[in-house]
Amino acid sequence: MLKRNGLAVLLAGSLLTGNVAYASFGDAVVGGVVGGVVGSVITNEIYHKKRPKRKVHRAKKHHKAKKRYVAPAPRVDSPEMKIQRSLKSLGFYRGQIDGEVNSYETRSAIKAMNMAYELGNTASLAPASRDALIYLGDLFMFDRILISKDNSQRAKAKKIQAALKIHGFYHDKIDGAIGSGTRRNIAEYKRAKGLSGGTSFDFEEEYQLISSAKQMNDQNIDSTIASLKGTQQQYQPANTRILNTQPATQPEVVQPQYRQAPQQTQQVPQQPVQVMQNQVTTLQAQ
């Protein structure tokens, strides 16, 4: 481009010098215009040649990595929340599961349970009752998982984990993710039960696992409720023991005297009977 402009300038110059003697005012104007155009072209070319080229940064295309499924963190209930869930499953609590055991609703539920199970008339929990309710909270959670009608893969995995936990082969959190640890527990369960090897269940094996776990969990719930009703003999609040001290000792003193009294009265009427029998025998002898 620069060479072409240079040739154009030389041509224009030669024309101007060849006709310089005969040039008129109009030719001078044309020559000035041509010279200005040529000069501007040369200047523009030199400017663009010296100017560094501007780099255009294009955004690189990032390939999106495939998202790996991560099981959500399982919800962990506090002991207080387990107590509320147990009271709710037993029909004594109708509030929210928030762990506030000192709320009016929770205390009312505790008092209702104590009165229904003949544990007293207080709104407080005995240590044995508290432990039983916390354990029942886990048992009721297992029951909800086992009877769930959700057919998703995560729900099925939670059923397997809960069933293995009831049978004593799973000791982690029930999160619905069948990982290497759960598969190892499945293999241990199948080996202990004499089933075919592998780290998964077929339909029949899964059905037997869940149904047997449900039966075991129901028995645990019944026995725990029975022990909860029998905690009155194991523990009583201090004020209850003071109030019941005299009535509890009175029957022990009165009952032996009451049982001996009828024996004495039964022996008294035997004397007239014997006298009458003797008179009858003497009359018959005469």
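Computed from a predicted structure; not experimentally measured.

Within the protein chain, the regular secondary structure consists of eleven helices and zero strands. Overall, the protein chain shows an N-to-C arrangement of helices and strands of α-α-α-α-α-α-α-α-α-α-α. Pairs at least 24 apart in sequence give 49% of the contacts found in the protein chain among residues at least 6 apart. A total accessible area of about 21,400 Å² is found for the protein chain, and carbon and sulfur atoms account for 55% of it.

A word on the side chain of Q161. Among the structural elements, Q161 can be located in helix 6 (residues 153-167). Accessibility expressed as a relative area gives 0% for Q161, which makes it buried. In this structure, Q161 is in contact with Y170, K173, I174, D175, G176, A177 and T182, ignoring residues within four places of it in sequence.

On to the environment of A109. Within the secondary structure layout, A109 lies in helix 4 (residues 104-116). Residue A109 is classed as buried on the basis of its relative accessible area, which comes to 1%. Each C-alpha atom, one on A109 and one on Q84, is 8.7 Å from the other, the two residues being 25 residues apart in sequence. With sequence-adjacent residues up to four places away left out, A109 is seen in contact with L87, F92 and Y93.

On average, residues of the protein chain score 74 in pLDDT, and 54% of them reach the 70 mark or higher. In the model of the protein chain, helix 9 (residues 238-243) stands out as the element of lowest mean pLDDT, 36, in contrast to helix 6, which has the highest, 95. Taken together, the stretch residues 19-23 has pLDDT below 50 and engages in one contact with residues farther than four places along the chain or on a different chain. The low-confidence segment residues 232-270 (pLDDT under 50) makes seven contacts with residues lying over four places distant or belonging to another chain.

Looking now at the side chain of Q84. Locating Q84 in the fold gives a position in helix 3 (residues 79-89). Using a relative accessible area of 0% as the deciding quantity, one classes Q84 as buried. Setting aside residues up to four positions removed in sequence, Q84 forms contacts with Y93, Q96, I97, D98, G99, E100, V101 and T106.

All right, on to the nonpolar core then. Core analysis: the largest hydrophobic core is formed by 36 residues, its most contacted members being L90, L136 and L164. Those elements that place two or more of their residues in this core are helix 3, helix 4, helix 5 (127-146), helix 6, helix 7 (180-192) and helix 8 (203-229). A per-element tally of this core places helix 5 first, with nine residues. With residues up to four places along the chain from it excluded, the contact list for L136 reads S86, L90, I221, T224, I225 and L228.

Turning to the environment of Q153, a few remarks are in order. Tracing the backbone through its elements, the reader meets Q153 in helix 6. C-alpha of Q153 to C-alpha of A177: the two residues are 24 residues apart in sequence and 9.0 Å apart in space.

What follows is about helix 6. Counted at 1.5 Å a residue, the expected span for helix 6 with its 15 residues is 21 Å, and the 21 Å between its end C-alpha atoms agrees. Within helix 6, burial applies to A155, A157, K159, I160, Q161, A162, A163, L164, I166 and H167. Buried residues belonging to helix 6 abut helix 5, helix 7 and helix 8. Looking at the residues trailing helix 6, positive phi occurs at G168, about 90°.

So, how was this worked out
Residues numbered from 1 in each chain as written. Predicted model: local features only at pLDDT ≥ 70, side-chain atom pairs only at ≥ 80, totals over all residues. Heavy atoms only, no water. Helix = DSSP H or I, 4+ residues; strand = E, 2+ residues; numbered from the N terminus. Contact = heavy atoms within 4.5 Å. Areas by Shrake-Rupley, 256 points an atom, 1.4 Å probe, with all protein chains shown as cover. Buried < 20%, exposed > 50% of the residue type's maximum accessible area, 1.4 Å probe, protein only. pLDDT = per-residue confidence, 0-100. Core = buried A, V, L, I, M, F, W, Y, C linked by side-chain atoms within 4.5 Å. Expected span 1.5 Å × (residues − 1).

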